[in-house]
Amino acid sequence: MKNYLSIHDLGSLRHAVDEAIALKNDPYAFEDLGKRKTICLLFFNNSLRTRLSTQKAATNIGLNVMVMNFGSEGWQLEYEDGSIMDEGKSEHIREAAQVVSQYADIIAIRAFAGLIDKEQDEAEIVLNGFKKLASVPIVNMESSVAHPLQALADAITLEEHKTVKKPKVVLSWAPHPKPLPHAVANSFVHMMKLKEMDFVITHPAGYHLNPEITNGCEIVYEQEKALENANFVYVKSWSSYKNYGRVLHQNPAWMMTKEKLGDAKFMHCLPVRRNVVVEDAVLDSAQSLVIEQANNRTWAAQLVLKRILEVI
Ligand code: CP
C-alpha cells in the first residue's frame, strides 16, 4: 500500500480486519519491520487517541517517531501556487513537504475541515498538497472529509463484538453545541458499504451527509424507528452539509439514552460530550464499546503502517 488516504486503499476490508486482529494478538510480530525508518506525525489539529495510538503502533513495529504540532509549532503554511507571500504565511507547502520528506520515511497528517468553505475543504489542500509534493507515503490521521484510521478501528470493533451473522448497525446523528466536521461519519459510511451488515442512517431533516457518500444507504428520519432491532448504534454529531458547517439546531431529543439504546451496543469515536451527545448511563454501561474502539485505533494504525513498510 503506497498511501492510506481512504478506507478503500486497504483493498479487502475483511482481510485488513483479520490482519489487524492478528497484530492485536501478537503486537511485536513485526517489531523489526520499521527498524532505522522514521514516521513523522504532523498535527494541524488537536488529538488524544490518534496521537497516542499511532505513536504506539509505529513503535510496536520498530519505527522511530517524530511528532510535530504544526498548528502551534510550525510556520504558517501557504498552499496556493504563485501567491505573493507578503502577509502572515511564512513557508510554502512546496518547500515544507519536500523538507519533511528528507527526515521521514512516512508522513502522517491530521488537518480538519475549516467548515466555512465546502469547496476548499473538499479539495483537501493539506493532505493532497503533501501527497502531491512529498516523496514518501502519506497517512491520513483525519482530514477535512475522511477519518479512515477510525473507520478501520470501527470495522475491527464491529467484527469482534457481533453476535449474529448479519447485525443491524445504525448511524445516529446527535446534538452538539459546536459545528463538527463530517469526516468520521463519512468514513464510517464508506466502511459500512463494504460490510455485509444491515445499515441505517438516522438524522433530523437538514442534517444530510454528502449525498455522493450516502448514495444507496437507507436514511430514516425518525430515530426511534431507525433504532428498532439495532445490534450496534454508532452515535456521531455533525454539522449541516447543505448549509455548510452550520449548527441548525441542537435538538436534545436526539441524545442517545439507555432507553433508546435497548439491548444494542453503543459506539462513538470519542471525544464525546456526556449528557449532550449520550447520557452517562450508556457510557458507563457494559453496552458501551467506546474504550475498545479507542484500543483498536492502535491495531488499525499498526496494520496500515505495516502494509506501507512492506512496499517501501
Ligand atoms: N477519535 C479520534 O480521532 O480521537 P482524537 O481526536 O482524540 O485523535
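Residues numbered from 1 in each chain as written. Predicted model: local features only at pLDDT ≥ 70, side-chain atom pairs only at ≥ 80, totals over all residues. Heavy atoms only, no water.

Enquirer: Help me understand the overall build of the chain in this model?
Expert: For the chain, the count of helices and strands is 13 helices and 11 strands. A compact globule built from 312 residues should have a C-alpha radius of gyration of about 20 Å, and the chain, at 19 Å, falls within 12% of that. Within the chain, buried positions represent 54% of all 312 residues. At a minimum sequence separation of 6, the contacts of the chain that also span at least 24 residues come to 77%. Carbon and sulfur atoms make up 48% of the accessible area of the chain, which totals about 14300 Å². (Helix = DSSP H or I, 4+ residues; strand = E, 2+ residues; numbered from the N terminus. Rg over C-alpha atoms; globule rule 2.2 N^0.38 Å. Buried < 20%, exposed > 50% of the residue type's maximum accessible area, 1.4 Å probe, protein only. Contact = heavy atoms within 4.5 Å. Areas by Shrake-Rupley, 256 points an atom, 1.4 Å probe, with all protein chains shown as cover.)

Enquirer: Looking at this structure, how should I read the environment of glutamine 55?
Expert: Its location among the elements puts glutamine 55 in helix α2 (residues 49-60). Assessed through its relative accessible area of 27%, glutamine 55 is described here as partly exposed. A C-alpha to C-alpha distance of 39 Å links glutamine 55 and valine 220, two positions 165 residues apart in sequence. Sequence-distant contacts of glutamine 55, that is, excluding residues within four places in its chain, are made with Leu41, Val65 and Val67.

Enquirer: Can you walk me through the nonpolar core in this structure?
Expert: One recurring pattern in soluble globular proteins: nonpolar side chains tend to sit buried together. Leu10, Leu152, Leu171 and Val304 are the most contacted members of the largest nonpolar core, which totals 57 residues. Once residues within four sequence positions are removed from consideration, valine 304 is found in contact with Met1, Tyr4, Leu10, Val139, Leu149 and Leu152. Grouped together as the second largest cluster of nonpolar side chains are 21 residues, Ala96, Ala97, Ala104 and Val136 included. (Core = buried A, V, L, I, M, F, W, Y, C linked by side-chain atoms within 4.5 Å.)

Enquirer: Sorry if this is basic, but what is going on with the site of the ligand here?
Expert: Around the ligand, the neighbouring residues are Ser47, Leu48, Arg49, Thr50, Arg110, His147, Gln150, Cys269, Leu270 and Arg297. When the free accessible area of the ligand is taken as 250 Å², the share hidden by the protein chains comes to 93%. Residues of the shell around the ligand, tallied by class, amount to 3 nonpolar, 4 polar and 3 charged. (Near = heavy atom within 4 Å. Nonpolar A, V, L, I, M, F, W, Y, C, P; charged D, E, K, R; others polar.)

Enquirer: I keep staring at the pattern of salt bridges and nothing clicks. Help me out?
Expert: Proximity of charged atoms lets side chains of opposite charge pair with each other. Taken as a whole, this structure holds 14 salt bridges when the rule is applied. Residues glutamate 159 and lysine 162 are paired through a salt bridge, measuring 3.0 Å at the closest nitrogen-oxygen approach. Since its relative accessible area comes to 15%, glutamate 159 is described here as buried. You can call lysine 162 partly exposed: its relative accessible area is 28%. The salt bridge involving glutamate 310 is made with lysine 306; its shortest N-O contact spans 2.7 Å. For glutamate 310, a relative accessible area of 43% puts it in the partly exposed group. One network of salt bridges, in which partners are shared, links Arg14, Asp18, Glu159, Lys162 and Lys195. (Salt bridge = Lys/Arg side-chain N within 4 Å of Asp/Glu carboxyl O.)

Enquirer: Just to check I follow, could you spell out the state of the cysteines for this structure?
Expert: Covalently bonding the sulfur atom of one cysteine to the sulfur atom of another cysteine gives a disulfide. Applying the stated rule across the entire model yields 0 disulfides. Cysteine 217 takes part in no disulfide bond, and the closest cysteine sulfur, belonging to cysteine 269, lies 18 Å away. (Disulfide = S-S within 2.5 Å.)

Enquirer: Just to check I follow, could you spell out the pairing of strand β7 (residues 168-173) for this structure?
Expert: Within a regular strand, the side chains alternate between the two sheet faces. The element β7 is largely enclosed, with a buried count of 6 among its 6 residues. Across the two faces of β7 the burial is the same, with Lys168, Val170 and Ser172 and Val169, Leu171 and Trp173 all buried. Note that β7 and strand β8 (residues 198-202) share 5 bridges and pair parallel. The residue of β8 that forms the bridge with lysine 168 is aspartate 198. Following the chain from β7 across helix α8 (residues 183-193) to the adjacent parallel β8, one finds a crossover that is right-handed. With 5 bridges connecting them, β7 and strand β10 (residues 232-236) associate as parallel partners. Residue valine 169 lies in a different strand from β10, and its bridge partner there is phenylalanine 232. (Pairing = 2+ DSSP bridges. Right-handed = clockwise from strand over helix to strand, strands pointing away.)

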